[in-house]
Amino acid sequence: MNRIEFKKTNHTFLDNGIIALHRYLQKYADTEGVVIDLQPDKLVVESVDLPQLLETVYYEMGRDVYDTYTAKQENEAGNLYYIEAEDRFETFPKMNTYGFTELLTNNAQGTTSKEENFFTLDNIKSEEEKANKLDLNKPKNLEKKEKMLKWVEEKKIIAQKTEEEFKKRGLTLLSKMYINEPYTKITRLIPFNQDYVEEGNKFCYLTGEKFKRLVDSQSTSPFISGLVNFNSHIDIEDKKMSWKALYLSRFAAANCLYVYQYNNKNKKNSLYGDIIVYFLGARTLTDLTKLYDKYLKDIRIPKDILKVDIEFRRNFNLYNFGKEKAADIFIGKNEHLFMVLYTLFERITRHLEPKKELSEYADLLGEVLSDSDFNVLNPNITSFRANAFSGGNKRPNNFEVFTHLRYALQLFRYFETEKLDMLEVLWSLKIIKPTLKKGSGDWNKITILERQSRDRILGLLLRGQSIISEIEDIFYDCYRYLLDKGDKKVWEVIGTKNFYQLVHLVKLYEPKINPLMEKEKKERTWEESTIDLGYSFGKRIIESGIEEGKIDRVSNARKGRKYIIGVRKSRTYDDFLEGFNRIVERFKPKFDYDVLAKVNESNYRTFKSYFTLGLLSAVNQFLSSSNNSTI
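Residues numbered from 1 in each chain as written. Predicted model: local features only at pLDDT ≥ 70, side-chain atom pairs only at ≥ 80, totals over all residues. Heavy atoms only, no water.

A cluster of basic side chains, namely Lys 559, Lys 562, Arg 582, Arg 586 and Lys 588, defines a positive patch on the protein surface. With relative accessibility at 52%, the residue Lys 562 sits in the exposed group. (Patch = residues over 30% accessible without salt bridge, like charges linked within 9 Å, V, L, I, M, F, W, Y side chains within 5 Å. Areas by Shrake-Rupley, 256 points an atom, 1.4 Å probe, with all protein chains shown as cover. Salt bridge = Lys/Arg side-chain N within 4 Å of Asp/Glu carboxyl O. Lys, Arg positive; Asp, Glu negative; His and termini not counted. Charge placed at Lys NZ, Arg CZ, Asp CG, Glu CD. Buried < 20%, exposed > 50% of the residue type's maximum accessible area, 1.4 Å probe, protein only.)

Listed below in structure tokens is the structure:
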């Protein structure tokens, strides 16, 4: 056989495996007899020795993607392999495998590409025992025994040399010994067989093709084992897959973006605890290749930097908004996905020449970045998370295909055009109860709790859902914490907060997802005017008593607490009006009474949320500044 087709499957891992295979095959594109043709729906590979070509490129990819080691491991060179023809030893580093490769292999101990190039002392002992048990009355066993014992003697000599060499170099000898090649962390490729690619009656549920023979997944990984949940349970062989699918799944790791997250429950290695992995998807293989080549290459970290500075804890950089100290810890699935999308947005807008400002953003879901490939390619992004459990193994607990990339990118464009400071917003969305922050010595727990609100809100933003109630909760919690700890600096109580930017976010975002809200004559939205009304009430509470010259703003903020709570906690339309009127009677703010004419039983809850947000914004900004905050 000299020709094979890898057809697009619409399976994220396999399609990414196809374009990764295509990328590694480019090295042989000019080789005589080799044809590599990537089409929208398939990759065609031709070669006079196709099995050898596929095997060669497989192990080349394995050396590049799976055989990873830190600079320290490289300097230590803690392993040896014996070169028989030269009767000498060559050093190589101990290796781990990271990211999606770890999920596929469970970081299993390395092995050689050829089975005959490794052995253990147990192998020698076992082979010798088998040889001595052969029945020599059978003529063929005599020759077989001689062959087996010859192998035993050869390996004993190599084993002795290996033990002596390890001891001389002060290295620790493990169970396996390697000959003529170092080990590789990629799983050994099942030898090519014609039946694996010829049409038959064995159905591969991953590729949708039928072959004469299928293969086992060959994995003890908890991650792969969890995939049996997708089996049909109709056929006992549906846990098997085609040779093509197994081959491509190993290449998928060359295309992924991944990041480890600190987890101190994983005592073995807390820096390589939970992991999040991302894959881009597109309608065709050629589109997917274009996406990878144009956008992902720039954010991926080169291998020489990975092994020195980062030690493979992540293989890509998130956008830092052009500020060296802007880095933050993103733990939740939504906040991390948000930052991955924002990073892609930054890469895309950098390619737009010239940048064009869009004048209308009335329908975010319907608009696209017309000057970018995303208008045509219509990509999606698959993300999944695997949490660490006993022994450092990884078990998947979340899987999502996000298809609204164009909406998200247009939303970011809108925020950028309207001068929203996204970095300030991201910092300001974090909050934790001060007693929890002070009373817990568990850094990991504090970090998770502090970012839960941000994770929820960014998830709502990405899906076009209202965030007003979540932002209102943050403002109210800040108000309570600032009053309780008024003698402390704001960053000690609630962390860095920019209330203006959070209000700006609400004013920009909410009208776009709720186009039914009426606009004022001056093109101010209903949300904006209601927030501004609340802000004027809050300012009036703070400035109460200025006419009599008895102003005490901090005291006023405390006295206004029951009035603010009265409005926020109102459960009926009448309760809300009562709370609203109590503020009017007590603090006498000036406002247009016509505003209330628009409020009724059907919309008072929405009005209350925006009004309370504006009210708390004014009070919190004062309390923050009175605590010598620099925000």
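With that settled, consider helix α17 (residues 452–462). Among the 11 residues of α17, nine are classified as buried, and the element is accordingly described as predominantly covered. Buried within α17 we find Ser 453, Arg 454, Asp 455, Ile 457, Leu 458, Gly 459, Leu 460, Leu 461 and Leu 462. In the segment just after α17, Gly 464 is the residue with positive phi, at about 70 degrees. (Helix = DSSP H or I, 4+ residues; strand = E, 2+ residues; numbered from the N terminus.)

On to the sheet that holds strand β7 (residues 176–179), then. Taking strand neighbours across the sheet as the criterion, the four strands line up as β5-β4-β7-β6 in an open arrangement whose pairing is mixed. Of all the strands in the sheet, the pair left with one neighbour each is β5 (88–92) and β6 (118–120). Adjacent strand axes in the sheet meet at a mean angle of 35 degrees, parallel and antiparallel pairs treated alike. Pairing geometry for strand β4 (residues 79–83) and β5, over five bridges, is antiparallel. (Pairing = 2+ DSSP bridges. Axes fitted to C-alpha atoms, helices over the stretch in contact; angles between N-to-C directions.)

Among the nine residues that make up helix α8 (residues 243–251), nine are buried, leaving the element largely enclosed by the rest of the structure. Within the sequence span of α8, burial applies to Trp 243, Lys 244, Ala 245, Leu 246, Tyr 247, Leu 248, Ser 249, Arg 250 and Phe 251. The secondary structure elements touched by the buried residues of α8 are β1 (3–7), α1 (12–25), α2 (50–65), α4 (100–105) and β9 (210–211). (Contact = heavy atoms within 4.5 Å.)

What follows covers the pairing of strand β2 (residues 35–39). Every second residue of β2 is oriented toward a common face, the buried set being Ile 36 and Leu 38 and the non-buried set Val 35, Asp 37 and Gln 39. For β2 and strand β3 (residues 42–46), the ladder comprises five bridges, and the chain directions are antiparallel. Among the inter-strand pairings, Gln 39 is bridged to a residue of β3, identified as Lys 42.

Before going further, it helps to spend a moment on the packing of helix α23 (residues 561–568) against helix α24 (residues 573–587). Where α23 contacts α24, the axes come no closer than 8 Å and their chain directions differ by 155 degrees. As the angle between them shows, α23 and α24 are arranged roughly antiparallel. Between α23 and α24 the crossing geometry is left-handed. Note on element contacts: α24 touches α23 through Phe 576, Gly 579, Phe 580, Arg 582, Ile 583, Arg 586 and Phe 587, opposite Lys 562, Tyr 563 and Val 567. (Parallel < 35°, antiparallel > 145°, perpendicular 65-115°, else oblique. Left-handed = near helix turned anticlockwise from the far one by under 90°.)

This paragraph deals with the pattern of salt bridges. Pairs may arise between side chains of opposite charge once their charged atoms sit close together. In the structure shown here, the tally under the stated rule is 29 salt bridges. The partner of Lys 156 in a salt bridge is Glu 128, and the shortest N-O contact between them spans 3.3 Å. You can see Lys 156 sitting in helix α6 (residues 139–169) and its partner Glu 128 sitting in helix α5 (residues 121–132), a full 28 residues away along the chain. Among the ionic pairs, Glu 472 bridges to Arg 568, the shortest N-O distance being 3.0 Å. Taken together, the residues Glu 472 in helix α18 (residues 468–484) and Arg 568 in helix α23 connect sequence positions 96 residues apart. Glu 472 sits in the buried class, given a relative accessible area of 6%.

What follows deals with the packing of aromatic side chains. Enumeration over the complete set of coordinates arrives at 47 aromatic pairs. Their ring planes at 50 degrees and their centres at 5.0 Å tell us that Phe 13 and Phe 100 sit as a pair that is tilted. Taken together, the residues span a long stretch of sequence, with Phe 13 in helix α1 and Phe 100 in helix α4 at a distance of 87 residues. Classification of Phe 13 by relative accessible area gives buried; the value is 11%. On the basis of an interplanar angle of 50 degrees and a centroid distance of 5.0 Å, the ring pair of Tyr 319 and Phe 321 is categorised as tilted. A relative accessible area of 27% means that Tyr 319 is categorised as partly exposed. Seen from the ring of Phe 587, Arg 586 lies directly overhead, with NZ or CZ sitting 4.7 Å from the centre. (Phe/Tyr/Trp six-rings, centres within 6.5 Å; stacked < 30°, edge-to-face > 60°. Lys NZ or Arg CZ within 6 Å of the ring centre and 35° of its normal.)

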